[in-house]
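As a plain string of letters, each chain reads:
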Amino acid sequence: MATISDPPERGFRLSQLIFDTRYRSMTIQVVAMVLIGLLLSWLISNTIHNLEALGKDFNFGFLSQPAGYDINQQLIDYNNQMTHGRAALVGILNTLLVAVLGCALATVLGVIAGVLRLSNNWVVSRLTAVYVEGFRNVPLLLWIVLIFALMTESMPSPRDFRGEDGSSMLLGESVAITNRGVYIPNVVFSRSLGGNEIAAPEPEAPAAAATPGTNMAGTYGASRIATGGAGVQTGQNDTAAGSGSASGDGAAGGAEVGEVIPTSSFWDWLLIITVLIAGGIGAKFLGKRAARIQEATGKRPMTLPLQIAAILVPLIVVLVGLGASLDKPELGGFNFDGGVHLRNSLIALWLALSLYTGAFIAEIVRGGILAISNGQTEAAYALGLRPGTTMNLVILPQALRVIIPPLISQFLNLTKNSSLAIAVGYMDVRSTLGGITINQTGRELEGMLLLGLFYLVLSLLISGVMNVYNSSVKLKER
Amino acid sequence: MSDTHAQTVPFVRDTMLDQQDPPLTQIGAVKWIRENLFSSWLNILLTLLSLWVIYAALSHLLPWALRGIWDASNLSECRALAAERYGADASVACWAVLAERWPQLVFGFFPKELYWRPILAFLLFLAAVAPVLFSSVPRKILWVTALAPFLLFWLIWGGSLWGPIAAVLGFVISWAIMTYAAPKIGALLSVILAIVVPVVYWLFVCGPLADALASVVPLALQPVATQKMGGFLLATIIGVSGIVLSLPLGILLALGRQSDMFIINKFSVAFIEIIRGVPLIVWLFTASLLLNYFLPPGTNFDLMLRVIIMVTLFSAAYIAEVVRGGLAALPKGQYEAADALGLDYWKSMRLIILPQALKISIPGIVNTFIGLFKDTTLVVFIGLLDPIGLSSSIRASTDWNGVYWELFVFIGLCFFIFCFSMGRYSLFLEKKLRREHR
């Protein structure tokens, strides 16, 4: 009787490593592993030999040596006697600054353009299409260089603001757009947490002193971006005479002998941001409480005024407590003094990055909205929702799921593209750590390694954070 | 009986009314304008605002561009001509800089008498890509496509023709082994041989063979050094090589990332993430500063080759992610069907999975290519003369010191034409390949 049985057991043969699918993947992996290992060890041994041949070693000691170069824009204290590590940190903060500013503006621009491109209005949608296609299809580098040239070539120089028929400042004499950058008012505090200086009696400033004065304002002006840095602004006393400062009670320029000079420090801003965040959390809590009450009783208590108050009242209390006032830029000497000086390099980089990335985000937003089927809108209308509510409660929550993942990669792209700062001389991490430091110390390997690591960690962080957000808005299925 | 009328007059119309035109506001241009431009207050506001934007932009741009000066030999002459024609403070473009310097922007410092070579190469390139891009082109031209890389290299860099021919020979050997030896020695062995033998040939035989042939029959063009290439020639060389090389590499990486094999999977993931996490400009600096550290002492190869390698790796990582999306979008049934047919891994990928996955990922792939082409401008930072680099060197000359917008407009327009047409081609391809009924 013929039996159907398993084929006789045979021993393991070497050929099975190649022909038997059970073992083949193992073979392939081992071979791949060996090849990769060989490649890596070859690269590393080459590097070691090359470093030996050059007489170099591999250490990061250069980070604690004095840097010896100036950085024209700093968010934290820095001078050229500080270390390369500190310089790198300044660069990192500059990169982060432009990345954050850029991401925010690009999102706003992109959402507006994306929605407008779907508009029924023919002119508007065509105009937006021109914007999107124009910015998407031309290299970012060209936009950066072009906007920089626009800023430096076509804007009036500070001296044009003198006289009657000169250029005028915007927004109630507080914002000046010049070919050296944009000057905007700074918020200063007369009871700063970082401590205020008292205006010392000073000899009459001779006219010639204006030049060093403005030079100082030039270098210090940079330190006052965004966080206010450490604005020790005694150099400005010679500029303000009789400028009838609109902010009145003792802006930096109008300080009289013995009066407190308002300034701003990192701690002031930390306090303000903390209060703002706390207010935001409070407002959110109020909203949740309202939702609970609504679920329990069917009536929703009035929350909007309370929420606004929760954010604004503590902020106002803190601002008054610190004695906040606006320090407006004033024309003095050959340049503007006071206020915050946004350099052309920052402006050009920021605008170009935002406009460029905004064009991509516009397409993402458009695609996301189009991905939601028309039936959803019709269903919402059938329920009696109005167009605004439909957009907020029905379309956008669904569209966000489609929009967020590509939006994350656009933020990543913007952050990485900020390394193009090299084109306009903005001192980001690539030009401090990856540029001047490498040139001065000759530590290409270590410098580039740190630079790469910084960007890698930053990218992974951004995508990690955004992925957490993404998973919170994504479709919850059973 | 009742007050019902026995003979009610039928109230039926017996003559048709004439057809009438719809009201004037409901037809033609008027209706369109009412619906599309002035349907609500917000719409009216937007329309007026955008019309104002268009007017503001064009009223500055058009006179500047159209009244531009084309015939001048330097900027001051240009300004003098403008003042003479349109008054002292007229702001007009000085296109003369393009009229004089366009060869430089296009070819860099390629020798003038040899311009025919890049132009011929460009035509050859068009002929080579035509059958790939459009299925209506005769299939026979694919032979041109296969041979084009070698011919293009020869045309642009010059040197002996025998070098490229000897290199092609390696592929011929590989093909011969696959065709003639496979039935005798088995598939696996022939595949291994078809890879190993050509590599050995290229490493040890190719060079001497080319030299020997060249000494017998010299067939050479005047060599041109890489340093002489610049402008759009450079951008196109880097862009096209990057595109051609990164697609297969990207697909392999995507397959590696989807693979079940732990080591291969993790290696692909690490490669993709590391490459994508760091800006291209840092990789380019790595290529120009550090590559010598990683290679055996004394190795020194061309900067442009290094750039091409880096650009290829960079865009391959992006393409890998795009293709991975396409692979993930395929229904599982397709994979199972391929397995059920008994196809092995490569056959199922080649015949069933990849064609569908690539079709899905066409927009993403083309977007990556567009990005790659635009990113070729970054090579200016490591000392290669791309169009933007050349524009600054033109500005540095005494004749044209102070010219900005004209050069930017020209460069931007050229890039726009390249990239926009790539984008349109991708739309065309999407439409052509759309098989589902929608």
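Counting of residues starts from 1 at the beginning of each chain's written sequence and follows it residue by residue. Chain letters and ligand numbers both follow the written order, the letters beginning at A and the numbers at 1. In keeping with the model being predicted, local features are shown solely for residues with a pLDDT of at least 70 and side-chain atom pairs are shown and tallied solely at 80 or more, while totals for entire chains, interfaces and linings include all residues. Working from all heavy atoms in the structure, the side-chain values ignore hydrogens and water.

Caption draft 1: Main features of the overall build of chain B. Helix and strand counts for chain B come out as 16 helices and two strands. Throughout, radius of gyration means the C-alpha value; the globule benchmark is 2.2 Å times the number of residues raised to the power 0.38. Its C-alpha radius of gyration of 31 Å places chain B more than 25% over the 22 Å reference for a compact globule of 438 residues. Overall size of chain B, expressed as C-alpha extent along the three principal axes, is 120 × 80 × 40 Å. We call a residue buried when its accessible area falls under 20% of the maximum for its residue type, exposed when it is over 50%, and partly exposed in between, using a 1.4 Å probe and counting protein chains only. Taken over 438 residues, chain B has a buried fraction of 39%. The contact criterion used is simple: two residues touch if any of their non-hydrogen atoms lie within 4.5 Å. In chain B, 72% of the contacts between residues at least 6 apart in sequence involve partners at least 24 apart. Going along the chain from the N terminus, every DSSP run of H or I of four or more residues is numbered as a helix, and every run of E of two or more is numbered as a strand.

Caption draft 2: Spotlight on the overall build of chain A. Scanning chain A for helices and strands turns up 14 helices and nine strands. Relative to its full complement of 478 residues, chain A shows a buried share of 42%. Within chain A, contacts between residues separated by at least 24 positions form 70% of all contacts whose residues are at least 6 apart in sequence. All accessibility values rest on the Shrake-Rupley procedure with a 1.4 Å probe; residue burial counts only the protein chains present in the view. For chain A, the exposed surface amounts to about 25,100 Å²; the carbon and sulfur share of it is 65%.

Caption draft 3: Main features of the packing of aromatic side chains. Residues and elements named next belong to chain B. Centres within 6.5 Å make a pair out of two Phe, Tyr or Trp rings, where for Trp the six-membered ring is used; the pair is then stacked when the planes are under 30 degrees apart, edge-to-face when over 60, and tilted otherwise. Tallied over the full model, the rule gives 26 aromatic pairs over all chains. Residues Phe134 and Tyr425 carry aromatic rings whose centres are separated by 5.6 Å and whose planes lie at 85° to one another, so their mutual orientation is edge-to-face. Of this pair, Phe134 sits in the loop between α5 (116–133) and α6 (142–157) while Tyr425 is found in helix α16 (residues 405–433), placing the two residues 291 residues apart along the sequence. Ring-pair connections join several aromatic residues into one group, and the members of that group are Phe232, Phe373, Phe410, Phe415 and Phe418. Charge-over-ring placement is defined geometrically: NZ (Lys) or CZ (Arg) within 6 Å of the ring centre, and within 35 degrees of the ring normal. A cation sits over an aromatic face here: Arg67 above Tyr86, 4.2 Å from the ring centre. Cation over ring: Arg276 sits above Tyr318, and NZ or CZ is 5.5 Å from the ring centre.

Caption draft 4: Spatial organisation of the environment of Thr437 of chain A. All names here are of chain A. Note on placement: Thr437 falls in helix α13 (residues 429–441). Looking at Thr437, the relative accessible area reads 0%, which means it is buried. Considering only alpha carbons, one finds Thr437 and Gly85, 352 residues apart in sequence, at a separation of 9.3 Å.

Caption draft 5: Structural context of the environment of Met391 of chain A. Mapping Met391 of chain A onto the fold places it in helix α12 (residues 387–417). Discounting residues that sit within four places of it in the chain, Met391 of chain A has contacts with Ile369, Leu396 and Pro397 of chain A.

Caption draft 6: Quick peek at the interface of chain A and chain B. On the side of chain B, 52 residues touch chain A, which itself brings 55 residues to the contact. Here chain A meets chain B over a buried area of about 4,600 Å², counting both sides, of which 76% is carbon and sulfur. Accessible surface is computed with a 1.4 Å probe, and the buried area is the amount of it that two parts give up when combined, taken over both parts together. Contact with chain B buries area across many residues of chain A, yet Gln29, Asn137 and Met448 of chain A alone supply 13% of it, more than any other trio. Any Lys or Arg side-chain nitrogen found within 4 Å of a carboxyl oxygen on Asp or Glu counts as a salt bridge. At the junction of chain A with chain B, the criterion picks out one salt bridge. Among the salt bridges present, the one from Glu133 of chain A reaches Arg424 of chain B, with a minimum N-O distance of 3.6 Å. Polar contacts, as used here, are pairs of N or O atoms within 3.5 Å; protein pairs need one atom able to donate a hydrogen and one able to accept it. Residues neighboring in sequence count only if both atoms are side-chain atoms. Here chain A is connected to chain B by 14 residue pairs in polar contact (both at pLDDT 80 or more). Mapped by element, the contributors of at least two residues to the side of chain A that touches chain B are α1 (16–19), α2 (21–54), α4 (122–136), α5 (140–154), α10 (344–371), α12 and α14 (444–473) of chain A. In terms of residue count, the dominant contributor to the side of chain A that touches chain B is α2 of chain A (13 residues). Just so you know the grouping, Ala, Val, Leu, Ile, Met, Phe, Trp, Tyr, Cys and Pro go in nonpolar, Asp, Glu, Lys and Arg go in charged, and all remaining residues, Gly too, go in polar. Of the residues contributing to the side of chain A that touches chain B, the split by class is 34 nonpolar, 14 polar and seven charged.

Caption draft 7: Examining the pattern of salt bridges more closely. For the structure shown, the criterion picks out eleven salt bridges over all chains. With its nearest N and O atoms 3.1 Å apart, the salt bridge here joins Glu363 of chain A to Arg366 of chain A. A residue pair is termed a helical-turn pair when its members lie 3 or 4 positions apart in one helix, as Glu363 of chain A and Arg366 of chain A do in helix α10 at three residues. Of the charged contacts in the structure, one is a salt bridge between Asp71 of chain B and Arg85 of chain B, with a shortest N-O distance of 3.7 Å.

Caption draft 8: Region of interest: the side chain of Ser431 of chain A. Residue and element names in this part refer to chain A. If you trace the backbone, Ser431 turns up in helix α13. Since its relative accessible area comes to 10%, Ser431 is described here as buried. Ser431 has contacts with Tyr426 and Ile436, leaving out every residue within four places of it along the chain.

Caption draft 9: Molecular detail of the state of the cysteines. A pair of sulfur atoms, both from cysteines and within 2.5 Å, is called a disulfide here. By the definition in use, this model includes one disulfide over all chains. The thiol of Cys419 of chain B is not disulfide-bonded; the next cysteine sulfur, from Cys414 of chain B, is found 11 Å away.

Caption draft 10: The arrangement of helix α2 (residues 41–66) of chain B in detail. A helix is expected to span 1.5 Å for every residue after the first. Its 26 residues place the ends of α2 of chain B 36 Å apart at the C-alpha level, agreeing with the 38 Å of an ideal helix rising 1.5 Å per residue. Fitting axes to the seven residues that end at a residue and to the seven that start at it, the angle between those axes gives the bend at that residue. Considering bend angle alone, the principal kink of α2 of chain B is centred on Leu58 of chain B and spans about 30°. Turning to α2 of chain B, the residues buried within the fold contact α4 of chain A together with α1 (28–36) and α16 of chain B.

Caption draft 11: How the structure looks around α13 of chain A. Those residues of α13 of chain A not exposed but buried are Val429, Arg430, Ser431, Thr432, Leu433, Gly434, Gly435, Thr437 and Ile438 of chain A. Where α13 of chain A is buried, its residues touch α3 (84–117) and α14 of chain A together with α11 (280–294) of chain B. Of the residues one or two after α13 of chain A, Gly442 of chain A is the one with positive phi, at around 70°.

Caption draft 12: The arrangement of the packing of α11 of chain B against helix α12 (residues 303–329) of chain B in detail. All names here are of chain B. Between N-to-C directions, angles cover 0 to 180 degrees, with each direction set by a line fitted to C-alpha atoms, over the stretch in contact for helices. Relative to each other, α11 and α12 sit at 135°, their axes nearing to 10 Å. Classed by the angle they form, the pair α11 and α12 counts as oblique. With respect to the hand of their crossing, α11 and α12 are arranged in right-handed fashion. Each of Leu280, Trp283, Leu284, Ala287, Ser288, Leu291 and Asn292 in α11 lies in contact with α12, whose residues at this interface are Leu303, Arg306, Val307, Met310 and Phe314. Counted by class, the contact of α11 with α12 contains nine nonpolar, two polar and one charged residues. The scheme is simple: roughly parallel for angles under 35 degrees, roughly antiparallel for over 145, roughly perpendicular for 65 to 115, oblique for anything else. The hand of a helix crossing depends on one turn: near helix anticlockwise from the far one by less than a right angle means left-handed, and clockwise means right-handed.

Caption draft 13: Quick peek at the nonpolar core. Residue and element names in this part refer to chain B. Grouping buried Ala, Val, Leu, Ile, Met, Phe, Trp, Tyr and Cys residues that are joined through side-chain atoms within 4.5 Å yields what is termed a nonpolar core. Counting 168 residues, the largest nonpolar core has Met229 and Ile238 as its most contacted members. Where each domain begins and ends follows an automated or database-derived domain assignment. Both domains that furnish three or more residues to this core are identified here as domain 1 (28–96) and domain 2 (104–110 + 224–436). Ignoring any residue separated from it by four or fewer positions in sequence, one finds Ile238 in contact with Met304, Val307, Ile308, Val311, Leu372, Thr376, Val379 and Leu384.

Caption draft 14: View of the confidence of the model for chain A. Residue and element names in this part refer to chain A. Residue-level confidence of the predictor is what pLDDT reports, using numbers from 0 through 100. Looking at chain A as a whole, the pLDDT averages 77, with 78% of positions reaching at least 70. Across chain A, the secondary-structure element scoring lowest on mean pLDDT is helix α7 (residues 210–222), at 36, and the one scoring highest is helix α11 (residues 374–382), at 92. Ignoring residues within four places in sequence, the model shows residues 203–255, a span with pLDDT below 50, making 82 contacts including any to other chains.

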